[in-house]
Amino acid sequence: MKRVVVAIALFTLYAAPAPAGEDTFTQEYFYGMFSAEKEKSVARLRSFAAENGGYVKFYSSTKVVLRMPATAVQRIRDVILDTGYIGDERIQRTDVGETLLDLRTRLKTKESLLTSLYKIFEDAQIQQTLEVEKELGKVVMEIEDIKGRIAYLDDRISLAEVTVSINIQPNAKKPATVPRSRWEWMNSLGIEALLSPGGWR
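Everything quoted here is computed from the prediction, not taken from an experiment. (Residues numbered from 1 in each chain as written. Predicted model: local features only at pLDDT ≥ 70, side-chain atom pairs only at ≥ 80, totals over all residues. Heavy atoms only, no water.)

Asker: Outline the pattern of salt bridges, listing residues and values.
Answerer: Within the structure shown, the criterion is met by 11 salt bridges. In this structure, K57 engages E161 in a salt bridge whose closest nitrogen and oxygen atoms are separated by 3.0 Å. Here K57, found in strand β2 (residues 55–59), pairs with E161, found in strand β5 (residues 160–168); they are 104 residues apart in sequence, far enough to count as distant. E161 is paired through a salt bridge with R156; the nearest N and O atoms lie 2.8 Å apart. Exposure class is identical for E161 and R156. Each is buried. Here the residues in one salt-bridge network are E28, K57, R67, D155, R156 and E161, joined through shared partners. (Salt bridge = Lys/Arg side-chain N within 4 Å of Asp/Glu carboxyl O. Helix = DSSP H or I, 4+ residues; strand = E, 2+ residues; numbered from the N terminus. Buried < 20%, exposed > 50% of the residue type's maximum accessible area, 1.4 Å probe, protein only.)

And the structure:
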């Protein structure tokens, strides 16, 4: 099995990095909204997802979770303000670039190992066949697992997740608009909610 060990060493050294300029951030948006018409709020959010290339991951009478393209997410605040007002807002961005690079490196190594194992299998003696077959099965399962994890992260990058918790408040009225900061990191802390009437509670 020396050839297998050599294959692992060589392809680990020469594994290619992730494509330059690739977006490697996942984005999660969390909103707490107040509404006097929960059914209308849920319906509005669901239709917005369908109209803008997204989909509804989960919904109930008090919570809606959407998967949306990043360009559409920028308008989600306006949709919420159609039927209520925002009491809390948080944005979480996570860089998964290093994880993806590690997974892709491991995938290339495992695929190269698989090729080597197939070649060894062709040349194997009868008494070695079962041993090589067992190793082949193990590597194939590892490859499928890595591909699944890469696909999951790619999906999380391509679509942002938006969670809207709907708090019922009879006769809820939208408060005076508070200007958003030009620094997105400040907006992600929910500063706007604190500046809204009742925010400092």
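Back to the text.
Asker: How would you sum up the nonpolar core? Please name residues and give values.
Answerer: Residues Y31, L45, L66, M68, I76, V162 and V164 are the most contacted members of the largest nonpolar core, which totals 21 residues. If you list the elements that add at least two residues to this core, you get β1 (25–35), α2 (38–51), β3 (63–68), α3 (70–73), α4 (76–83), β4 (84–95) and β5. Residues within four places of V162 in sequence aside, it is in contact with Y29, Y31, V64, V65, L66, M68, V73 and I76. Judged by nonpolar contacts, the second largest core, of 16 residues, contains L103, L113, I120 and I150. (Core = buried A, V, L, I, M, F, W, Y, C linked by side-chain atoms within 4.5 Å. Contact = heavy atoms within 4.5 Å.)

Asker: I'd like a description of the pairing of β2, backed by residues and values.
Answerer: Across four bridges, the pairing between β2 and β3 is antiparallel. When the sheet's bridge partners are listed, Y59 is paired in β3 with V64. Between β2 and β3, which follow one another and run antiparallel, lie three residues. (Pairing = 2+ DSSP bridges.)

Asker: So, the packing of α2 against α4: which residues are in play, and what are the values?
Answerer: At a minimum axis separation of 9 Å, α2 and α4 run at an interaxial angle of 155 degrees. Relative to α4, α2 is oriented roughly antiparallel. Crossing of α2 over α4 shows right-handed handedness. Contacts between α2 and α4 pair K40, S41, R44, L45 and F48 from the former with I76, V79, I80, D82 and T83 from the latter. Class assignment of the residues belonging to the contact of α2 with α4 gives a composition of five nonpolar, two polar and three charged. (Axes fitted to C-alpha atoms, helices over the stretch in contact; angles between N-to-C directions. Parallel < 35°, antiparallel > 145°, perpendicular 65-115°, else oblique. Left-handed = near helix turned anticlockwise from the far one by under 90°. Nonpolar A, V, L, I, M, F, W, Y, C, P; charged D, E, K, R; others polar.)

Asker: Which residues make up α4, and what are the values?
Answerer: Inspection of α4 places I76, R77, V79, I80 and T83 among the buried residues, and these make up the whole buried set. Along the long axis of α4, the arc covered by the buried residues comes to 160 degrees, so they all point the same way. (Arc of directions from axis to C-beta.)

Asker: Before we move on, can you summarise the side chain of S35 with the specific residues and values?
Answerer: Following the sequence through the fold, S35 ends up in strand β1. A distance of 3.0 Å separates the side chain of S35 from the backbone nitrogen of E37, its partner in a polar contact. (Polar contact = N/O pair within 3.5 Å; in protein donor to acceptor, adjacent residues only side chain to side chain.)

Asker: Lay out the packing of aromatic side chains in plain terms, naming residues and giving numbers.
Answerer: Counting across every chain of the model gives one aromatic pair. Taken together, a centroid distance of 5.2 Å and an interplanar angle of 25 degrees make the contact between F34 and Y85 stacked. Of this pair, F34 sits in strand β1 while Y85 sits in strand β4, placing them 51 residues apart in sequence. Judged by relative accessible area, F34 falls into the partly exposed class, the value being 25%. You can call Y85 buried: its relative accessible area is 12%. Positioned above the aromatic ring of Y59 is the side chain of R46, whose terminal nitrogen or guanidinium carbon lies 3.9 Å from the ring centre. (Phe/Tyr/Trp six-rings, centres within 6.5 Å; stacked < 30°, edge-to-face > 60°. Lys NZ or Arg CZ within 6 Å of the ring centre and 35° of its normal.)

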